Amino acid sequence: QVQLGESGGGLVQAGGSLRLLCAASLASGRTFSSYSIGWFRQAPGKEREFVAAISGTGTNTYYGESVRGRFTVSRDNAKNTVYLQMNSLKPEDTAGYYCAADPLNYISTMVSDFDSWGQGTQVTVSS
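Residues numbered from 1 in each chain as written. Predicted model: local features only at pLDDT ≥ 70, side-chain atom pairs only at ≥ 80, totals over all residues. Heavy atoms only, no water.

Enquirer: Break down the packing of aromatic side chains for me, with residues and values.
Expert: By convention here, two paired aromatic rings are described through the distance between centres and the angle between planes. Counted according to the given criterion, the structure contains five aromatic pairs. With centroids separated by 6.3 Å and ring planes inclined at 65 degrees, the aromatic side chains of F114 and W117 adopt a geometry described as edge-to-face. With relative accessibility at 5%, the residue F114 sits in the buried group. What links up through ring pairs into an aromatic cluster is the set F40, F50, Y62, F114 and W117. Cation over ring: R48 sits above Y98, and NZ or CZ is 4.0 Å from the ring centre. Over the ring of Y62 we find R68, and its NZ or CZ is 5.4 Å from the ring centre. (Phe/Tyr/Trp six-rings, centres within 6.5 Å; stacked < 30°, edge-to-face > 60°. Buried < 20%, exposed > 50% of the residue type's maximum accessible area, 1.4 Å probe, protein only. Lys NZ or Arg CZ within 6 Å of the ring centre and 35° of its normal.)

In structure tokens, the structure reads:
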């Protein structure tokens, strides 16, 4: 099992940037590189939306259509940390952002494929 914690959220003006961090604590027996990590977001009254995912080694990434070209996901397995660099932020990016781990190391967009979730970090983009 892996425990995840997000940080880096905050209030930013439209057009600005933020970098979110997802830090992992692992139980013995598995390495961080054996998990793919996904980023999701959820705004009030809306379903949780896929944002980005990265494979265990960082070789493969995939982005949701609404953030493609603006957000970049990366990881540093030596630090057990995944990053989400968010540029050209828009008011519609306002949401709680969550990272999650997939123990099968697939690149998935489905909430149900991820079995460990962080508590989330709030991103608010003002117009």
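Enquirer: Just give me the short version of the environment of P44, but keep the residues and values in it.
Expert: Summarising the element assignment, P44 is placed in the loop between β4 (36–42) and β5 (49–54). Through-space distance from the C-alpha of P44 to that of A78 is 35 Å; in sequence the pair is 34 residues apart. (Helix = DSSP H or I, 4+ residues; strand = E, 2+ residues; numbered from the N terminus.)

Enquirer: Would you mind going over the pattern of salt bridges in detail, with residue names and values included?
Expert: Enumeration over the complete set of coordinates arrives at three salt bridges. Here E49 makes a salt bridge to R41, at a shortest N to O gap of 2.8 Å. By relative accessible area, which is 32% here, E49 ends up partly exposed. For R41, a relative accessible area of 6% corresponds to the buried category. Overlapping salt bridges bring together R41, E49, R70 and D93 as one network. (Salt bridge = Lys/Arg side-chain N within 4 Å of Asp/Glu carboxyl O.)

Enquirer: Explain the environment of R70 to me, using residue names and the numbers behind them.
Expert: Structurally, R70 can be placed in the loop between β6 (61–63) and β7 (71–76). Not counting residues up to four positions away in its chain, the partners in contact with R70 are Q85, M86, N87, S88, L89, K90 and D93. (Contact = heavy atoms within 4.5 Å.)

Any functional reading would require information that these geometric values do not contain.
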